[in-house]
Amino acid sequence: GDSVTQMEGPVTLSEEAFLTINCTYTATGYPSLFWYVQYPGEGLQLLLKATKADDKGSNKGFEATYRKETTSFHLEKGSVQVSDSAVYFCALRSGGGADGLTFGKGTHLIIQP
Amino acid sequence: DAGITQSPRHKVTETGTPVTLRCHQTENHRYMYWYRQDPGHGLRLIHYSYGVKDTDKGEVSDGYSVSRSKTEDFLLTLESATSSQTSVYFCAISERESRDEQFFGPGTRLTVL
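I will try to describe carefully the structure that is included in this document. All values reported here derive from a predicted model rather than from experimental measurement.

Calculation rules
Residues numbered from 1 in each chain as written. Chains lettered and ligands numbered in written order. Predicted model: local features only at pLDDT ≥ 70, side-chain atom pairs only at ≥ 80, totals over all residues. Heavy atoms only, no water. Pairing = 2+ DSSP bridges. Helix = DSSP H or I, 4+ residues; strand = E, 2+ residues; numbered from the N terminus. Contact = heavy atoms within 4.5 Å. Salt bridge = Lys/Arg side-chain N within 4 Å of Asp/Glu carboxyl O. Polar contact = N/O pair within 3.5 Å; in protein donor to acceptor, adjacent residues only side chain to side chain. Nonpolar A, V, L, I, M, F, W, Y, C, P; charged D, E, K, R; others polar. Buried < 20%, exposed > 50% of the residue type's maximum accessible area, 1.4 Å probe, protein only. Phe/Tyr/Trp six-rings, centres within 6.5 Å; stacked < 30°, edge-to-face > 60°. Core = buried A, V, L, I, M, F, W, Y, C linked by side-chain atoms within 4.5 Å.

**Side note on the pairing of strand β7 (residues 56–59) of chain A**
Residue and element names in this part refer to chain A.
Working step 1: With four bridges connecting them, β7 and strand β8 (residues 62–65) associate as antiparallel partners. Looking across to β8, one finds that Gly-57 is bridged to Ala-64.
Working step 2: The antiparallel pairing of β7 with β8 creates a hairpin that spans two residues between the two strands, and Lys-60 there sits at a positive phi of about 55°.

What follows is the structure, given as structure tokens:
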């Protein structure tokens, strides 16, 4: 079946540092890939997405590129802020039906001033 | 933000009692989902619906049932709550099937004593 693997953390960085959160996946067919962010006490918000190989999703300074050859969708940001502290989830959705998303376990990111 | 509300937002109940959680959407989306979020597991799909009165099981459906009598409402019922069902429950909606993003509600924190 489908699966998503990501580092769980916590990942602690200083403000203005470069961020990479690794995400790799196993899926049948050609999935869409997503990054969601969850701030404390809130639901999940869609951060960015990519629907086919070599697509780059971007939003709020975050980027991720759909790499089919390495089955990866790593999240990056050039300069993080304290307000980026949250839990980040990598997820996929395979084609062919109304099934839900398959999520990684989440990466807790802590940004220190 | 997608128009999704969940009720109640917090609930404490005792083992063996029935519990119903409600998800309400104002987006007229066809597809609705229930997930549970637990530490170390990310989010896991419980049940989903692809139309009024059309539902199917997800990865962790044992002990849960759902109903959808109107497009806008999707109910999750725990017939006899157990401590292992203590979790945060999220509802999600999607306009289209197959590889499309989902939008999440604010969540319901359920504690079963």
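Back to the text.
**Things to note about the interface of chain B and chain A**
Working step 1: Contacts between the two partners involve 24 residues from chain B, matched on the other side by 26 residues from chain A.
Working step 2: At the junction of chain B and chain A, the tally comes to one salt bridge.
Working step 3: Put simply, A:Lys49 and B:Glu101 hold a salt bridge, and the shortest N to O gap is 2.6 Å.
Working step 4: At the junction of chain B and chain A, the tally comes to seven residue pairs in polar contact (both at pLDDT 80 or more).
Working step 5: Among the secondary structure elements, those contributing two or more residues to the side of chain B that touches chain A are β4 (31–38), β5 (42–51) and β9 (87–94) of chain B.
Working step 6: A per-class count over the side of chain B that touches chain A returns ten nonpolar, eight polar and six charged.

**A look at unusual backbone geometry**
Working step 1: The omega torsion of the bond from A:Gly9 to A:Pro10 falls at 10°, within 30 degrees of zero and hence cis.
Working step 2: If you trace the backbone, A:Pro10 turns up in the loop between β1 (3–6) and β2 (11–14).
Working step 3: One non-glycine residue, A:Glu16, adopts positive backbone phi at about 80°.
Working step 4: Of note, the phi angle at B:Asn28 is positive, near 60°, even though the residue is not glycine.
Working step 5: In this structure, B:Asn28 sits in the loop between β3 (19–25) and β4.
Working step 6: Given the relative accessible area of 63%, B:Asn28 is considered exposed.

**Quick notes on the packing of aromatic side chains**
Working step 1: As enumerated under the stated definition, the model contains 14 aromatic pairs over all chains in all.
Working step 2: An angle of 55° between the planes, with centres 5.9 Å apart, marks the rings of A:Tyr36 and A:Phe103 as tilted. Of the two residues, A:Tyr36 is situated in strand β5 (residues 32–38) and A:Phe103 in strand β11 (residues 102–103); the sequence distance between them amounts to 67 residues. The pair A:Tyr36 / A:Phe103 is uniform in exposure class, with both members buried.
Working step 3: Measuring from centroid to centroid gives 5.4 Å for A:Tyr36 and B:Phe104, while their planes differ by 80°, and the two rings are edge-to-face. Of this pair, A:Tyr36 sits in strand β5 while B:Phe104 sits in strand β10 (residues 103–104), each in a different chain. Across the pair, exposure class does not vary: A:Tyr36 and B:Phe104 are buried alike.
Working step 4: Linked through ring pairs, A:Phe34, A:Tyr36, A:Phe89, A:Phe103, B:Tyr33, B:Tyr35, B:Tyr48, B:Tyr50 and B:Phe104 together constitute an aromatic cluster.

**Digging into the nonpolar core**
Working step 1: Core analysis: the largest hydrophobic core is formed by 24 residues, its most contacted members being A:Trp35, A:Leu47, A:Leu48, A:Phe62, A:Phe73, A:Leu75 and A:Tyr88.
Working step 2: Those elements that place two or more of their residues in this core are β3 (19–21), β4 (23–26), β5, β6 (44–50), β8, β10 (86–93) and β12 (107–112) of chain A.
Working step 3: Among the elements that line this core, the one with the most residues is β10(A), at four residues.
Working step 4: Judged by nonpolar contacts, the second largest core, of 19 residues, contains B:Val19, B:Leu76, B:Ala81 and B:Tyr89.

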